[in-house]
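These are the residues of each chain, in order.
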Amino acid sequence: MGGKVFAPLLMTLAQWPGRGMTGALLERRGYLVPRRFEEFAFAFCPERTSLEKYWDEVALEYLCSAGRGSSNRRTVAATSYRSRYLDDLAAERVKRKQELDGFPLDSCLRDFKRMMLSSSKDGIPYLEWLETEMRTCKREEIEKLHISVGELTSTKKDFYGFVGAICEARGFQFQKKKWRKVFGPLEICCGVDAGMQTTWTFQLPLDLTICHAAEPDLFF
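First things first, this report covers the structure right here in the doc.

What counts and how
Residues numbered from 1 in each chain as written. Predicted model: local features only at pLDDT ≥ 70, side-chain atom pairs only at ≥ 80, totals over all residues. Heavy atoms only, no water. Core = buried A, V, L, I, M, F, W, Y, C linked by side-chain atoms within 4.5 Å. Buried < 20%, exposed > 50% of the residue type's maximum accessible area, 1.4 Å probe, protein only. Helix = DSSP H or I, 4+ residues; strand = E, 2+ residues; numbered from the N terminus. Contact = heavy atoms within 4.5 Å. Disulfide = S-S within 2.5 Å. Phe/Tyr/Trp six-rings, centres within 6.5 Å; stacked < 30°, edge-to-face > 60°. Lys NZ or Arg CZ within 6 Å of the ring centre and 35° of its normal.

## Focus on the nonpolar core
Note that soluble globular proteins tend to have their nonpolar side chains buried in a common cluster.
Line of reasoning, step 1. By size, the foremost hydrophobic cluster in this structure holds 21 residues, and its most contacted members are L51, F112 and Y126.
Line of reasoning, step 2. Counting residues per element, the ones that place at least two in this core are α3 (33-44), α4 (48-64), α5 (84-95), α6 (107-118) and α7 (126-144).
Line of reasoning, step 3. When residues no more than four places from it in sequence are discounted, the contact partners of Y126 are F40, F112, M115, M116, S119, S120 and K121.
Line of reasoning, step 4. In this structure, F159, C167, L186 and I210 belong to the second largest nonpolar core, which totals 10 residues.

Below you can see the structure in the form of structure tokens.
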């Protein structure tokens, strides 16, 4: 997004009901993989309430600022939602003469992230073990929800067809190499990531943008 404040989009995004309601909606539809990762973190961090609070505030900052800035480095613009809770966590770290290095501001989650990079489980690096566990969860969810990806061959043309069928079934129109749909003042655009050959193995190769009718050249 451009450097100037984009008030219409930020005001619209500020109406988001929050991570809790969004997560509950996804879980009711059977999408449980994100919650499974959270359970691994909860097993490491006994203060579940504070960890939930941290994730809620980070999610609000990210969405309400249209993805600008870093919550963990406290570079989120004051013109959007800025969490006093996260400011207090950052101030406490600085007081202890610790840098805001991009790791989570929640101390237990920070230790969990570092443990993933330095420890092992069942004789293999913990991060590798966790990735295997998450892939298993994804496979189980794919089977349970009867999601078929058997015809995918990992080519861009192939993935265009897969994404297009999903978008068109939900009322998106294909224009300028993207599927577009208007929701009130917002336009949602979905396309295939131009660099998907480098992202296919670890994330969904999609390009999703949100823009506001008042300023279509600026987008999230």
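Once you've had a look at it, read on.
## Remarks on the state of the cysteines
Line of reasoning, step 1. All chains considered together, the criterion is met by 1 disulfide.
Line of reasoning, step 2. What pairs with C45 in a disulfide is C108, and their sulfur atoms sit 2.3 Å apart. An S-S torsion of about -105° defines the bridge between C45 and C108 as left-handed. Within this pair, whereas C45 is found in the loop between α3 and α4, its partner C108 is found in helix α6, the two being separated by 63 residues in sequence. Grouping residues by exposure puts C45 and C108 together as buried.

## Remarks on the packing of aromatic side chains
Line of reasoning, step 1. Inspection of the entire model under this criterion finds 8 aromatic pairs.
Line of reasoning, step 2. Measuring from centroid to centroid gives 5.5 Å for F44 and F112, while their planes differ by 45°, and the two rings are tilted. Of this pair, F44 sits in helix α3 while F112 sits in helix α6, and the two are 68 residues apart along the sequence.
Line of reasoning, step 3. For F112, a relative accessible area of 0% corresponds to the buried category.
Line of reasoning, step 4. The structure contains a cluster of three or more aromatic residues connected by ring pairs, namely F37, F40, F44, F112, Y126 and W129.
Line of reasoning, step 5. Stacked on the ring of F42, the Lys or Arg R48 has its end atom at 4.0 Å from the ring centre.
Line of reasoning, step 6. Above the plane of the ring of F103 lies R114, whose end atom (NZ or CZ) is 4.8 Å from the centre.

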